[in-house]
Amino acid sequence: MCGICGELRLDDSAPDPGTINGMLRALKRRGPDHEGSYYDKAVGLGHRRLSVIDLSPRANQPMFDARTQLAIVFNGAIYNYPQLREELIALGHTFRSTGDTEVILKAYAQWGPASVEKLTGMFAFAIWDVQAHELFLARDRLGIKPLYYAQGNGFFRFASNSQALLSTAGVDTRVDAVGLHHHLSLHGVVSAPRTILRGLKKLPPGHTLKVATKGVLEMRAYWQLHAGNSGASKSEHEWQHDIQAALSNAVEKRLHVADVPVGVLLSGGLDSSLLVGLLAQAGVSDIQTYSVGFEDQPEEPGNEFEYSDSVARHFSTRHHKFYIDNHEVLERLPEAVEQMAEPMVGQDAIAFYLLAEQVSQHISVVQSGQGADEVFGGYFWYPRMQAEASFSTESFARHYFDRSHAEMQDTLHEDLVSEDFTSQTVQHLLERAGTQEFVRAVLHMDVTTLVVDDPVKRVDNMTMAHGLEARVPFLDHELVELAMQMPVRYKLAQGGKYILKQIARDLLPAKVIDREKGYFPVPALKYIRGEFVEFMRTVLHSQACIQRQLYRRDYVDTLLAQPEQYMTPLRGSKLWHLALLELWMQRNVDRTLVS
């Protein structure tokens, strides 16, 4: 919906408008419709708006309430704001706008930090309390909306993307060894609060952060997902009914809470097709759907048009499909990487970037199927993990880690890889689930951590880079809480997502339900050949890469010599992983330092 930023001075000085303006320039693509700023003593707030709810100037931000002496910048969408608005009116509050931003502001005035627990939706926001001289930040339960921050000599800053913070002075841009280990083990995931840079942090999902003018940070978790098995006594029929009702409700909420049309990113897979089916079932007509395809490779097709076309015909949607050849993929690659708040190795990040560019010319809000695989057990490695004899990090790592710790020692310079940081983190995350059932613990970790910094982050970054808001019904927190209690067998049966397939039987063509799972492919970034190899060779042999001294040169040369021979257990290219990280550093860190 928007891009937010701000600075709280910790040294008794006033914020420099140049700092806020610089961050706003880096956020412009997230909010093309309006720019605003607010200053009060030690704080400065900035906002770029994508108008979705209450399109009038009354909903512009930053929004200041003179009566409560609170100011807010907000990114996201609150799906229960009409109900909260009525509750707040009954308590004596008055409103000058009809959108969700002012509802958050009044809710905070009424209930303080506990107000965040009343919000249903995706959000990242900051509220400045003029009287208390405190900054309050919050992020939604599943981290759908990003919130980065940096603290340095005399300042605390926050923003919707890292580029905004990196545009300012005083941020430590040295590579974080723990973040680097995670990035190269977990296909780009660095779990909050860390990032790959020492001076750049992110607020964990389901957390708030209070910052006083003395620089004291108070972080609090306001939501936790429980991995219990309280639904074990319910029948399959009962589970199918309850999940369908919750999913239908999630889809409809994300349709109706908008003052602009809402479309669907239709990959042709089960998840996005099911969204179309549920919208049609709810009586929505003239559904707009969008698909993208790429060049085939001998090992893998580059599009799923056969299936998306079938769904579009079945529901008579207003369908748009786009084909992008390898030349354009390669040409636009640096540009897409420059929009990544963190380096994202998933090949579909590029697909979403190029698709969102086309879709944004038609519409400004879409629904997307991210999260279904993690919530309902759709990936091929879950059954393999279920077959493991032990509940252990090793049981997870052998099916999931891109590199073992031993290979990491061959990959990185020795001063960057002293410990097996990733195994330590995964062990903690598995134990945090509080269950003795291994796959249930894995699913809990995926939903609360890995999904946030892999598919969800990619979708937000790549769509908002074109002023397109993506809504993700499968990550409705009430649906997630319900599904987490469901027996694992109703998720993993018949190749995964069994309960969703059963729901789909009355809605979708059988060929879409029973097909082999697709992965929104860009095959040229998986099977690295020809000009793509040469492009990555140029990146990895650049003077910047050599001087950075992240990678051992013999490891780089081994991958360049036979890129197709070095794939991760999850079928990703190890060469692409290295090249992507280096290219991200050059486009987002080195460029900032030079300027």
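Since we're looking at a predicted model, the values are computed, not measured.

### Considerations on unusual backbone geometry
Point 1. Going from Gln61 to Pro62, the amide bond is cis rather than trans, its omega being 0°.
Point 2. Residue placement: Pro62 occurs in the loop between β3 (43-49) and β4 (63-65).
Point 3. Residue Pro193 is bonded to the preceding Ala192 through a cis peptide linkage, with omega at 10°.
Point 4. Positive phi is not limited to glycine here, since Gln494 has a value of about 55°.
Point 5. Inspection of the secondary structure puts Gln494 in the loop between α19 (489-492) and α20 (498-504).
Point 6. A residue is classified by how much of its surface remains accessible, and Gln494, at 51% relative accessible area, is exposed.
Point 7. One non-glycine residue, Lys497, lies in positive phi territory at about 55°.

### Things to note about the packing of aromatic side chains
Point 1. One pass over the structure, following the stated rule, counts 14 aromatic pairs.
Point 2. The interplanar angle of 80° and the centroid separation of 6.4 Å between the aromatic rings of Phe376 and Phe474 together place this pair among those described as edge-to-face. Highlighted residues: Phe376 in helix α11 (residues 372-376) and Phe474 in the loop between β17 (469-471) and α18 (477-484), separated in sequence by 98 residues. Judged on exposure class, the residue Phe376 and its partner Phe474 are both buried.

### Considerations on empty space enclosed by the protein
Point 1. Evaluated as defined, the whole model comprises 5 cavities of 30 Å³ or more.
Point 2. Put simply, the largest cavity is a space of about 70 Å³.
Point 3. Taken together, 14 residues form the lining of the largest cavity, with Arg139, Gly143, Pro146, Tyr148 and Lys457 sitting closest to its centre.
Point 4. Split by residue class, the lining of the largest cavity holds 5 nonpolar, 2 polar and 7 charged.

### Quick look at the side chain of Arg49
Point 1. Mapped onto the fold, Arg49 is located in strand β3.
Point 2. Within the structure, Arg49 has its side chain in polar contact with the side chain of Ser51 (distance 3.5 Å).

### Points about α18
Point 1. Among all positions in α18, only His477, Leu479, Val480, Ala483 and Met484 are buried. The buried residues of α18 all sit within an arc of 155° when viewed along its axis, so they share a single face.
Point 2. Of the surrounding secondary structure, the elements contacted by the buried residues of α18 are α6 (236-256), α11, α16 (438-450) and α19.

### Examining the nonpolar core
Point 1. By size, the foremost hydrophobic cluster in this structure holds 107 residues, and its most contacted members are Phe125, Ile243, Leu274, Phe376, Phe396 and Leu500.
Point 2. If one sorts the elements of this core by residue count, α16 sits on top with 8 residues.
Point 3. Sequence-distant contacts of Leu274, that is, excluding residues within four places in its chain, are made with Leu247, Phe474, Leu500, Ile503, Ala504, Leu507 and Leu508.
Point 4. Counting residues in hydrophobic clusters, the runner-up holds 81 residues, among them Leu166, Leu525, Leu550 and Leu575.

### Some words on the sheet that holds strand β1 (residues 2-9)
Point 1. The 6 strands lie next to each other as β2-β3-β1-β9-β8-β10, forming an open sheet whose pairing is antiparallel. Edge strands, defined here as strands with exactly one partner in the open sheet, are β2 (34-40) and β10 (201-202).
Point 2. In the sheet, β2 pairs with β3 via 7 bridges, with the strands oriented antiparallel. Across the sheet, the residue bridging to Gly36 is His47, located in β3.
Point 3. Packing of helix α1 (residues 17-27) onto the sheet brings it into contact with β1, β2, β3 and β9 (155-159), and relative to β1 it is tilted by some 160°.

### Examining helix α3 (residues 101-111)
Point 1. Counting buried positions along α3 yields 8 of 11 residues, so the element is predominantly enclosed.
Point 2. Contacts from the buried residues of α3 go to β4, β5 (70-78), α2 (81-90), β6 (121-129) and β7 (134-139).
Point 3. Of the residues one or two after α3, Gly112 is the one with positive phi, at around 65°.

### Regarding the sheet that holds β6
Point 1. Taken in spatial order, the 6 strands make up an open sheet running β4-β5-β6-β7-β11-β12, and their pairing is antiparallel. At either margin of the open sheet sits one strand with a lone partner, and together these are β4 and β12 (217-221). The sheet shows a mean angle of 15° between the axes of neighbouring strands, taken without regard to direction.
Point 2. Summarising the sheet, β4 and β5 pair through 3 bridges and their orientation is antiparallel. In the strand pairing of β5, Asp65 is matched with Leu70.

Procedures and definitions
Residues numbered from 1 in each chain as written. Predicted model: local features only at pLDDT ≥ 70, side-chain atom pairs only at ≥ 80, totals over all residues. Heavy atoms only, no water. Helix = DSSP H or I, 4+ residues; strand = E, 2+ residues; numbered from the N terminus. Buried < 20%, exposed > 50% of the residue type's maximum accessible area, 1.4 Å probe, protein only. Phe/Tyr/Trp six-rings, centres within 6.5 Å; stacked < 30°, edge-to-face > 60°. 1 Å grid on protein atoms, 1.4 Å probe; cavity = no way out; pocket = protein on both sides within 12 Å on 5 of 7 lines; lining within 4 Å. Points joined across faces, edges and corners; volume = space filled by probe spheres on them. Nonpolar A, V, L, I, M, F, W, Y, C, P; charged D, E, K, R; others polar. Polar contact = N/O pair within 3.5 Å; in protein donor to acceptor, adjacent residues only side chain to side chain. Arc of directions from axis to C-beta. Contact = heavy atoms within 4.5 Å. Core = buried A, V, L, I, M, F, W, Y, C linked by side-chain atoms within 4.5 Å. Pairing = 2+ DSSP bridges. Axes fitted to C-alpha atoms, helices over the stretch in contact; angles between N-to-C directions.

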